[in-house]
Amino acid sequence: MLTTLFASDFVSPKVDYHAIAPELILAAGICLVLMVDLFVSEQRRWITSTLAGLVLLVATLPIVTLATSGHVSGHPRSLFDGRYVIDNFSLVLKALFLLIGYVVVLLSTGEIEEGNAYPGEYYVLLLSSIAGMVMMCSARDLVSVFIALEFLSIPSYMLAAWRKRDSKSNEAGVKYYLLGVFASAVMLYGMSLLYGAAKTTLLSGIGAQITATGRLAGVEVLGIVFVIVGFGFKISAVPFHTWAPDTYEGAPTPITAFFSVASKAAGFVALILMVYIAFPQARDVYQPFIWVLAVLTMSIGNLLALRQTNIVRMLAYSSVSQGGFILMPLAVAGTKDAAGSSLRAIMVYLVIYAATNLGAWAVIIAVARKTRSGEITSLGGLFGYAPGLTVLMTFFLASLAGIPPLGGWYAKFGVFRAVLDAGGGWGYTLAVIAAVNTVIATAYYITVMREMWMKPAPDGDVTPVRIPPSLQAALAITGIATVVFGVLPGIISRYGSLTDLAGAFGH
Amino acid sequence: MNTLTSNNWILSLGTFLPIAGVIVMMFIPKQEEALIKGVAILTAAATLVVGIVTLCLFKYNHADLQQFAVSTSWIKPIRATYTIGLDGISLPLYILSMVITLLVMIYSWNHVPEPGNPKAFFALMLVLQVGMAGTFIAQDLILFFVFFEVVLLPMYFMIGVWGGENRQYASLKFFLYTMFGSALMLVSFIALFIVTKGNTDPNGSFAFTWFEAHGSGIATNTAVWIFAGMFIGFAVKVPMFPFHTWLPDAHTQAPTQGSVILAAILLKLGTYGFVRIALPFLPQAAVKWAPFIGLLAVIGIIYGALGCLAQTDMKRLIAFSSVAHMGFVMLGIATLTPLGVNAAIFGMVAHGLITGMLFFIAGSVKDRYHTLEIRRLTGLLKQMPKLGWILGFCAMASLGLPSLAGFWGEFPAILSAYNPLHGEGLPFGGLSLPAFRTYMVVAAIGTVLAAGYLLWLYQRTAFGEPNPEFVVDTHLAHSAGAAANPHDDEHVDIHDVGIYEWIAWTPLLVGIVVLGVYPQLLFKVTDPAVTHLLGVFGGK
């Protein structure tokens, strides 16, 4: 055994450096920000954030060149024996994660520096987490999926506890860490079962093995369920959501925005990879399981959101419920008619949800600079002293509720379309449950609108809100994206067709 | 289907022009109130001019065809198209929406309700106009859905910000009801698209023509369920009994302008949806549902009338009368005959003019007396003879006096219930004669009740001596009284119809008379389109 190992010459794998250029730029950028931060003085802290933002933008350049190089469509670039694949699916999501990261940097700029809270380390951890997400998009192997997941999670645990003198922030970090590690352990156990059954860690190999035996073995079922549960924590699906509201409330608000959008999206990316590449033959297992998760997540998330008086907690539960909607297509993804529209629906939902939710957080950050409060009532009278912010927030909330012509309607449309494409009693039932949930969700989004438009300012303080330029940029980006996605959804719905995901359903 | 595509820029221009006005208004500072109002009214006027040009270019001998039609791709992956067009059914409602918006804005010149902020108020009205006009020209289900929903938020804010004391409750109720309906409606639309194989057929799309061609081929059992989703979506908007409970609250709390737009146009989006979408796309289900719709319609007529008799608030009374009137419209639609649907469309326009007018009057009464309590209002005719007479005129029109517009909505609707779709050889079967003839009798009783509640309202408010609490000695009011109590909200300033009111009201009053005397003006336009649309039922 040992002799054969030593006898074979180690052949270094051929690395397509163009293909992994975004990851390389991020890695270099992480080092650069860390080094530069050592040498800038307190007064020049803005350099760090600017540099972090630049790194993220530069990393999107190779994505553009890869997408236009023509090699990707139809012929995905595959590295390390198919364990790391750059296809259209991964490129779109990588670009999404980098842009989310950029907006989060814009949101953080004022917040973190004014708090004198180690901006250098903050941006390094943020970039690391984004690097993990970018890797997740291309990972096609249990090991690389796991590494990407840990890479994106571990910096998040620290970021959640960033306001270290605040006990709530400490609670946020600890809760997130403990439950995150627990979820990782469950998932790892599931992965080991899958490896034991399929004797390979390659996702497509697992997919092929599950077919080969003709029927599912008990160990495979367990493996699938554990893996889904593990990611269920990451996307805060009910009943694995309990960490989310406390973590969201305690973490610095830009990080909350980051968690509610990027971390969640990364969890969904992993779930898509599993469902489409590793489990295509196991739909009898994952479909009912995800169906139940989706129904529970959207309904319970909504009902809890209705009761919240704190805007951060309300948006936390709202994002739990939105997660339920994103899960919907996965519950029918194995049905032949719905596989394509399901993938498209999730991709479109993730993009639109990212723009809208980041926008909502940006408004909350802007308003909290004046009110220093997270209560919904603190938004009272906003229309009187900050009409622009009010209109933007109305757009974002209406988009989250799915009211045309703002982006969210198209996201909702896509998930309805997917489950109805699947048809059958399960599909129609899910659609009707989701329709009822849309109305419940509207009720709490409306509460916020009512506060802003119709109530007086709680303390009578109507001095205008001063918004720093970086926050204005974030508001502009997310606001324009929300409106444009709603009026011309065609520009994003081109992405996410089944052929974009190399290896989906054994293709 | 044949379409006429000449001058096809005009519909998009007419629909989206108000957006340009909103953008201009965004850059005007909030303090320049007169400028803001001017720009808004100018935009609405320009939109109406485009509408009038549309009226002139419309080819009346081809009223059954979609004219000024545009059909381009919009969201390719889901096969939603930007297909628009205008036929004899859409034309009157499209123009009505433009007229009402302009008149409401003129009325608002010196009637911006509390808490002010004309910039937002006028901008919301312009956005509303985009949604309303767009709904009437959309010839694609997704486009229709988007426009249908665009009106939701502006109306929510109009009620919620500028409304009466109980405005927050009323606006929330309005919003949630409509949202519930439209969520189920969207599910139905997508289900219809998938069941007709619109997603796999190479020619499939969300365009109306696709569903007109393929909707009737769906198995009846499936179609009945898809119809159910649409029914809830549209019935909430109409509103039909038992989905009507949001309406009295919304109307009572809304500012005058909101009430007028709500009554004149927004309610019609629901009935228009039935005529344009539910009936022709799913005729097999429509035949099954029609007796049920007819039943709810006559329940609405009687319930609305009884509700009116019980009201103590003038505005709430008018709101309940809307429930009754929309019952007549729905009864006409439920007969599935050209006569009934023609009557329904006439009823929509007539109700828009008359009830819009009644809400204007209610608003003006509230402005002067600060109350709408019928018990406290007496002697309008003595105190404000012009307003009193206009109220009497509109009450007569509303109760369906022949030679005024309201008559031509109600009478043919009742008549059509005598002869609903029935006979031999109909592709989807006919309707039960006894059931509809019973509805006819009940609806006829409803008109008697309508005369009852409207005349009683008029008698109580207009006749008799003015209520002493509102009779102000002019000397006192202008010297000591006003000076002593300058901030008194209850300060009563009774004056007759003002100049802005005259400008806003005259077109409506003229319209009521003209359509009443010469109903053919409207029937001539709608009939070809209605006959064309209902051809699928095979009736006469």
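Residues numbered from 1 in each chain as written. Chains lettered and ligands numbered in written order. Predicted model: local features only at pLDDT ≥ 70, side-chain atom pairs only at ≥ 80, totals over all residues. Heavy atoms only, no water.

**Q** Describe the interface of chain A and chain B, with residues and values.
**A** With 37 residues of chain A in contact, the opposing surface of chain B contributes 36 residues. The three residues of chain A that bury the most area against chain B are Phe413, Arg417 and Met454 of chain A, which together make up 20% of that side's buried surface. If you look at where chain A meets chain B, you find zero salt bridges. If you list the elements that add at least two residues to the side of chain A that touches chain B, you get α15 (382-385), α16 (387-401), α17 (408-422), α18 (424-454) and α20 (490-493) of chain A. Per element, the largest residue contribution to the side of chain A that touches chain B is 14 residues, and it comes from α18 of chain A. For the side of chain A that touches chain B, the class distribution of residues is 25 nonpolar, six polar and six charged. (Contact = heavy atoms within 4.5 Å. Buried area = accessible area lost by both parts, 1.4 Å probe. Salt bridge = Lys/Arg side-chain N within 4 Å of Asp/Glu carboxyl O. Helix = DSSP H or I, 4+ residues; strand = E, 2+ residues; numbered from the N terminus. Nonpolar A, V, L, I, M, F, W, Y, C, P; charged D, E, K, R; others polar.)

**Q** Describe in detail helix α10 (residues 246-253) of chain B, supporting the description with residues and values.
**A** Residue and element names in this part refer to chain B. Most of α10 sits inside the fold, with eight of its eight residues counted as buried. Every buried residue belonging to α10 is among Trp246, Leu247, Pro248, Asp249, Ala250, His251, Thr252 and Gln253, and all of these are buried. Where the residues of α10 are buried, they touch α6 (152-162), α7 (167-195), α9 (220-237), α11 (256-281), α13 (314-334) and α14 (338-369). (Buried < 20%, exposed > 50% of the residue type's maximum accessible area, 1.4 Å probe, protein only.)

**Q** Tell me what's going on with the pattern of salt bridges, and back it up with residues and numbers.
**A** Throughout the structure, instances matching the rule amount to 18 salt bridges over all chains. Salt-bridge contacts for Glu451 of chain A lead to Lys455 of chain A; the nearest nitrogen and oxygen are separated by 3.8 Å. For Glu451 of chain A, a relative accessible area of 9% translates into the label buried. Of the charged contacts, one joins Lys173 of chain B and Asp249 of chain B as a salt bridge, the two residues approaching to 2.8 Å between their closest N and O atoms. On the criterion of sequence distance, the pair formed by Lys173 of chain B in helix α7 and Asp249 of chain B in helix α10 is long-range, its members being 76 residues apart. Residue Lys173 of chain B shares its accessibility class with Asp249 of chain B, and that shared class is buried.

**Q** Quick rundown of the nonpolar core? Include the residues and the values.
**A** If you look at the biggest cluster of nonpolar residues, it comprises 403 residues, and the most contacted ones within it are Phe97 and Phe279 of chain A together with Phe231 and Trp505 of chain B. Per-element tally for this core: the top contributor is helix α14 (residues 339-371) of chain A, with 22 residues. Residues contacting Phe279 of chain A, with those up to four places away along its chain left out, are Leu194, Ile210, Ile224, Val227, Ile228, Met274 and Tyr286 of chain A. (Core = buried A, V, L, I, M, F, W, Y, C linked by side-chain atoms within 4.5 Å.)

**Q** Which residues make up the packing of aromatic side chains, and what are the values?
**A** One pass over the full model with this rule turns up 54 aromatic pairs over all chains. Members of the aromatic cluster, joined through ring pairs, are Trp409, Tyr410 and Phe413 of chain A together with Trp74, Phe145, Phe193, Phe206, Phe208, Phe211 and Phe281 of chain B. One residue, Lys370 of chain A, lies across the ring of Tyr385 of chain A, its end atom 4.5 Å from the ring centre. (Phe/Tyr/Trp six-rings, centres within 6.5 Å; stacked < 30°, edge-to-face > 60°. Lys NZ or Arg CZ within 6 Å of the ring centre and 35° of its normal.)

**Q** Tell me about the environment of Gly388 of chain A, and name the residues and values.
**A** Residue and element names in this part refer to chain A. In this fold, Gly388 is placed in helix α16. Gly388 sits in the partly exposed class, given a relative accessible area of 44%. Distance in space between the C-alpha atoms of Gly388 and Glu111 is 21 Å, their sequence separation being 277 residues.

**Q** Just give me the short version of the pairing of strand β2 (residues 80-86) of chain B, but keep the residues and values in it.
**A** All names here are of chain B. The element β2 is largely enclosed, with a buried count of seven among its seven residues. A two-sided burial pattern is seen for β2, the buried positions comprising Ala80, Tyr82, Ile84 and Leu86 on one face and Thr81, Thr83 and Gly85 on the other. Bridging between strand β1 (residues 67-75) and β2 involves six bridges; their strand directions are antiparallel. Looking at the pairing, Ile75 lines up with Ala80 of β2. Between the end of β1 and the start of β2, which pair antiparallel, lie four residues, with Arg79 showing a positive phi angle near 65°. (Pairing = 2+ DSSP bridges.)

**Q** Which residues make up the environment of Gln139 of chain B, and what values do they have?
**A** Residues and elements named next belong to chain B. Position of Gln139 among the secondary structure elements: in the loop between α4 (118-137) and α5 (141-150). Placed 57 residues apart in sequence, Gln139 and Tyr82 show a C-alpha to C-alpha distance of 7.9 Å. If we ignore the near neighbours within four places in the chain, the residues touching Gln139 are Gln66, Thr83, Ile84, Gly85, Ala207, Phe208 and Arg276. Reaching out from Gln139, the side chain makes a polar contact with the side chain of Gln66 at a distance of 3.2 Å. (Polar contact = N/O pair within 3.5 Å; in protein donor to acceptor, adjacent residues only side chain to side chain.)

**Q** Give a description of the side chain of Thr81 of chain B that names residues and reports values.
**A** Residue and element names in this part refer to chain B. For Thr81, the position within the fold is in strand β2. Side chain to side chain, Thr81 and Thr83 meet in a polar contact 2.6 Å long. A polar atom in the side chain of Thr81 sits 2.5 Å from the side chain of Asp140.

**Q** Describe the packing of helix α5 (residues 119-138) of chain A against helix α11 (residues 253-278) of chain A, naming the residues involved and giving the relevant values.
**A** All names here are of chain A. Following both chains from N to C, one finds α5 and α11 inclined at 20°, their axes separated by 9 Å at the closest point. In terms of orientation, α5 lies roughly parallel with respect to α11. Handedness of the α5/α11 crossing: left-handed. Residues Tyr122, Leu126, Ser129, Ile130, Met133, Met136 and Cys137 of α5 lie in contact with α11, whose contacting residues are Pro254, Ile255, Phe258, Ala262, Ser263, Ala266, Val269, Ala270 and Leu273. Looking at the contact of α5 with α11, its residues break down into 14 nonpolar, two polar and no charged. (Axes fitted to C-alpha atoms, helices over the stretch in contact; angles between N-to-C directions. Parallel < 35°, antiparallel > 145°, perpendicular 65-115°, else oblique. Left-handed = near helix turned anticlockwise from the far one by under 90°.)

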